[in-house]
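So you can see what is in the structure, the chains are spelled out below.
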Amino acid sequence: MLSLIALLAAGLLWGCTSTKPFYGKWQGERTDILKGDDSPTANTLRIVEVEIKSDGTFVYTSAGFPATGTFRPGNGGLLLDVKEVMGRSIESMGSSAVSQFRPLEVRRVNDTTLEIRDPGGVDRSWIQLKKVEETATTP
């Protein structure tokens, strides 16, 4: 029984430490969308952001549309399971929406760079994201 508890504890610790390097805010852009157009609309469509939180949740914004959900280790990185888009649950959008949303894949390149891709999206290429330095706020 004691060895089972030790094994479970080791598994939990491994799970926690394997996701920790992904925590934080990350930002990048799709370089193939509206090339040469520097309008605010084009810039919004290009930006990709993800915040991976230590509580097991994330916020992913692509083309100005926020999606939220939970993540888990997988494929040598993280798999982000989208639960809501623009505050609306995937299930409330019907069975075709549920089948369309596949987990987003995230892989770590180094301490300051991640890559993300949407295997169920129109653009399935990897997008490079850089860590956003958080500024300290003073009271």
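Look up a bit, the structure's there.
Residues numbered from 1 in each chain as written. Predicted model: local features only at pLDDT ≥ 70, side-chain atom pairs only at ≥ 80, totals over all residues. Heavy atoms only, no water.

S.K.: Residue-level account of the side chain of Glu 105, with values.
M.R.: Secondary-structure assignment places Glu 105 in strand E7 (residues 104–110). A distance of 2.8 Å separates polar atoms of two side chains, one belonging to Glu 105 and the other to Arg 117. Leave out the neighbours within four places in its chain, and Glu 105 touches Asn 75, Leu 78, Leu 79, Glu 115, Ile 116, Arg 117, Pro 119 and Trp 126. (Helix = DSSP H or I, 4+ residues; strand = E, 2+ residues; numbered from the N terminus. Polar contact = N/O pair within 3.5 Å; in protein donor to acceptor, adjacent residues only side chain to side chain. Contact = heavy atoms within 4.5 Å.)

S.K.: Can you explain the packing of aromatic side chains? Please cite residues and give values.
M.R.: In total, this model carries 1 aromatic pair according to the counting rule given. Positioned above the aromatic ring of Trp 126 is the side chain of Arg 107, whose terminal nitrogen or guanidinium carbon lies 3.7 Å from the ring centre. (Phe/Tyr/Trp six-rings, centres within 6.5 Å; stacked < 30°, edge-to-face > 60°. Lys NZ or Arg CZ within 6 Å of the ring centre and 35° of its normal.)

S.K.: If you had to explain the environment of Asp 37 to someone new, which residues and values would you point to?
M.R.: Inspection of the secondary structure assignment puts Asp 37 in the loop between strand E1 (24–29) and helix H2 (40–46). Taking the relative accessible area as the measure of exposure, Asp 37 reaches 31% and is therefore partly exposed. Excluding anything up to four places from it in sequence, Asp 37 contacts Ala 42, Asn 43 and Arg 46. Reaching out from Asp 37, the side chain makes a polar contact with the backbone nitrogen of Ser 39 at a distance of 2.9 Å. (Buried < 20%, exposed > 50% of the residue type's maximum accessible area, 1.4 Å probe, protein only.)

Limitation: the analysis is restricted to geometry and does not speak to function.
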